[in-house]
Amino acid sequence: FRAVGILCFLRCFEVKVSIQDIIFCLVITAFISLIPISIAALGVREGTLTLLLMAFNVPEGSALTATFALRACSIIVALCGGWLYLSKKNSFNFV
């Protein structure tokens, strides 16, 4: 999901980068995100991914915007799931 999302965001900025390069960047970013520097790797993931994308000749502004857009999409999906859970909390029988 993330690789395709970043690819779509970068294509919106007319940046040509291969899916293999994006997957490589995401794998390295995932490992660096495991280091307990901040809560939920906020900032660490965006900074690392931006730097790695810039290594593949992606302009800084496009790389940063794509990583923030990906984070925003993740937050929006999580908020929708939380709202759905809370709105139907009485219909779930977890206990």
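Check the entry above for the structure.
The paragraphs below set out a description of the structure included in this document.

How each quantity is defined
- Residues numbered from 1 in each chain as written.
- Predicted model: local features only at pLDDT ≥ 70, side-chain atom pairs only at ≥ 80, totals over all residues.
- Heavy atoms only, no water.
- Core = buried A, V, L, I, M, F, W, Y, C linked by side-chain atoms within 4.5 Å.
- Buried < 20%, exposed > 50% of the residue type's maximum accessible area, 1.4 Å probe, protein only.
- Helix = DSSP H or I, 4+ residues; strand = E, 2+ residues; numbered from the N terminus.
- Contact = heavy atoms within 4.5 Å.
- Expected span 1.5 Å × (residues − 1).
- Axes fitted to C-alpha atoms, helices over the stretch in contact; angles between N-to-C directions.
- Parallel < 35°, antiparallel > 145°, perpendicular 65-115°, else oblique.
- Left-handed = near helix turned anticlockwise from the far one by under 90°.
- Nonpolar A, V, L, I, M, F, W, Y, C, P; charged D, E, K, R; others polar.
- Patch = residues over 30% accessible without salt bridge, like charges linked within 9 Å, V, L, I, M, F, W, Y side chains within 5 Å.
- Areas by Shrake-Rupley, 256 points an atom, 1.4 Å probe, with all protein chains shown as cover.
- Salt bridge = Lys/Arg side-chain N within 4 Å of Asp/Glu carboxyl O.

Before going further, it helps to spend a moment on the nonpolar core. By size, the foremost hydrophobic cluster in this structure holds 16 residues, and its most contacted members are Ile6, Leu10, Ile22, Leu26, Leu49, Leu53 and Val58. Sorting the residues of this core by element identifies α1 (2-12), α2 (19-33), α3 (44-55) and α4 (60-87) as the ones contributing at least two each. Those residues within four positions of leucine 26 in sequence are excluded, and the remaining contacts are Arg2, Ala3, Ile6 and Leu49.

Before going further, it helps to examine the side chain of serine 62. By secondary structure assignment, the location of serine 62 is in helix α4. Residue contacts for serine 62: discarding those within four places in its chain leaves Leu10, Phe13 and Val15.

So, on to α4. The end-to-end C-alpha separation of α4 is 40 Å, in line with the 40 Å expected for 28 residues at 1.5 Å each. The secondary structure elements touched by the buried residues of α4 are α1 and α3.

The next thing to look at is the packing of α1 against α2. At a minimum axis separation of 9 Å, α1 and α2 run at an interaxial angle of 125°. With respect to α2, the axis of α1 lies oblique. The two elements α1 and α2 meet at a crossing, and its hand is right-handed. Side by side, α1 and α2 meet where Arg2, Ala3, Val4, Ile6, Leu7 and Leu10 of the first sit next to Ile19, Ile22, Ile23 and Leu26 of the second. In terms of residue class, the contact of α1 with α2 is built from 9 nonpolar, no polar and 1 charged.

Non-glycine residue glutamate 14 carries a positive phi angle of around 60°. Tracing the sequence through the fold places glutamate 14 in the loop between α1 and α2. Positive phi, normally seen in glycine, also occurs at alanine 41, with a value near 55°. Among the secondary structure elements, alanine 41 is positioned in the loop between α2 and α3. Take alanine 41: its relative accessible area is 7%, and that puts it in the buried class.

Attention now goes to α1. Restricting attention to buried positions, one finds in α1 the residues Ala3, Gly5, Ile6, Leu7 and Leu10. Turning to α1, the residues buried within the fold contact α2, α3 and α4. Note on α1: the residue one or two positions beyond its end, glutamate 14, has a positive phi of about 60°.

With that out of the way, let us pick up the environment of valine 77. Within the secondary structure, valine 77 sits in helix α4. Note: C-alpha distance between valine 77 and leucine 7 (70 residues apart in sequence) is 19 Å.

Here we take up a nonpolar patch on the surface. A grouping of Ile23, Val27, Phe31 and Leu34 is seen on the molecular surface, where their side chains present a nonpolar patch of about 420 Å² in accessible area. Along the chain, isoleucine 23 turns up in helix α2.

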